[in-house]
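Survey of secondary and tertiary structure
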Amino acid sequence: MNARPMILLSNDDGVTARGLLLLRDRLLRVADVVVVAPELEQSARSHSITLRRPLRHRKADEAVHATDGTPVDCVYIALHRKDILPRWPDLVLSGINHGANLGSDVFYSGTVAAAREGALRGIPAVAFSSLNLAYLEHAADFATAFAMHILEIHPPSGQTLLLNVNFPAREPVGIRSTRLGRRLYDDEVTVRHDPRGAEYYWVGGPGAHHQPLEGSDTEAVDAGFVSVTPLSLDATHGPHVSFSHEIVARASGALPL
């Protein structure tokens, strides 16, 4: 039996991202670590997996692998290609992302998706993100201790543990257990023209703001706290189950059975 835990580490900023390298450096002091990360930045790729083209693999360093796929591709390949991991991971970590993943960001984030892919495979998983890139070294120290605490206290049985952790834009004043907040972007589509006159688009506005919501991750980081939000793998919305039953009952007579 191995005394040191086995950790699979990925991200969406790319295999050379500072947040990932710092976290790997800290984790190696207490665990066996294998990195499988995108060759290039894959931010906002959500849970995309590549099915329509071949993927390329490169060994970047000892126990560090790069692929030209998405963050989910990276975790999938690590878990199912037999010669990358020496044994099944005790934990899947993703990050430390260069920027926030708060509120509705979790639906778009490649960082969160990499962790979610691990959780879908039954492995406890954590996504780490930081609003303050100057704080990345301290964030890596915290993330490492946090990961070890998870392994020490054993995640609850039932649905696999999936946590989303965000570091604030300044030195943290503490840590809070939170729920997802509301992070709103200045949505827009910028229309431009290439040299031949054809239209192309830039999607997404430059700014974001948070709606006040007590107990939320957005409230916590705005107040200078590290936020820890448990995420669910069950997408069924309980409050709407009764409505679903009612509409099915009404619509069933309209089907040409």
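Structure's up top.
A few points on the structure. (Residues numbered from 1 in each chain as written. Predicted model: local features only at pLDDT ≥ 70, side-chain atom pairs only at ≥ 80, totals over all residues. Heavy atoms only, no water.)

Here's the deal with the side chain of Gln42
Looking at the element boundaries, Gln42 is found in the loop between strand 2 (32-38) and strand 3 (57-61). The class of Gln42 is buried, set by a relative accessible area of 13%. A polar atom in the side chain of Gln42 sits 2.4 Å from the side chain of Arg45. Setting aside anything within four residues of it in sequence, one finds Gln42 in contact with Asp12, Gly69, Thr70 and Pro71. (Helix = DSSP H or I, 4+ residues; strand = E, 2+ residues; numbered from the N terminus. Buried < 20%, exposed > 50% of the residue type's maximum accessible area, 1.4 Å probe, protein only. Polar contact = N/O pair within 3.5 Å; in protein donor to acceptor, adjacent residues only side chain to side chain. Contact = heavy atoms within 4.5 Å.)

As for the environment of Asp105
Counting through the fold element by element, Asp105 comes out in the loop between strand 5 (91-98) and helix 3 (110-120). Sequence separation between Asp105 and Asp83 is 22 residues; the distance between their C-alpha atoms is 33 Å. The residues contacting Asp105, other than those within four sequence positions of it, are Ala100, Arg183 and Tyr185.

Section: the nonpolar core
Of all hydrophobic cores here, the largest spans 33 residues; its most connected members are Leu9, Val35, Leu93, Val126, Phe128, Phe146 and Val165. A per-element tally of this core places helix 4 (residues 136-153) first, with 8 residues. Not counting residues up to four positions away in its chain, the partners in contact with Val165 are Val126, Ala127, Phe128, Ser129, Phe146, Val226, Ser227 and Val228. The next biggest cluster of nonpolar side chains, apart from the first, holds 23 residues, and it includes Cys74, Val75, Ala119 and Leu231. (Core = buried A, V, L, I, M, F, W, Y, C linked by side-chain atoms within 4.5 Å.)

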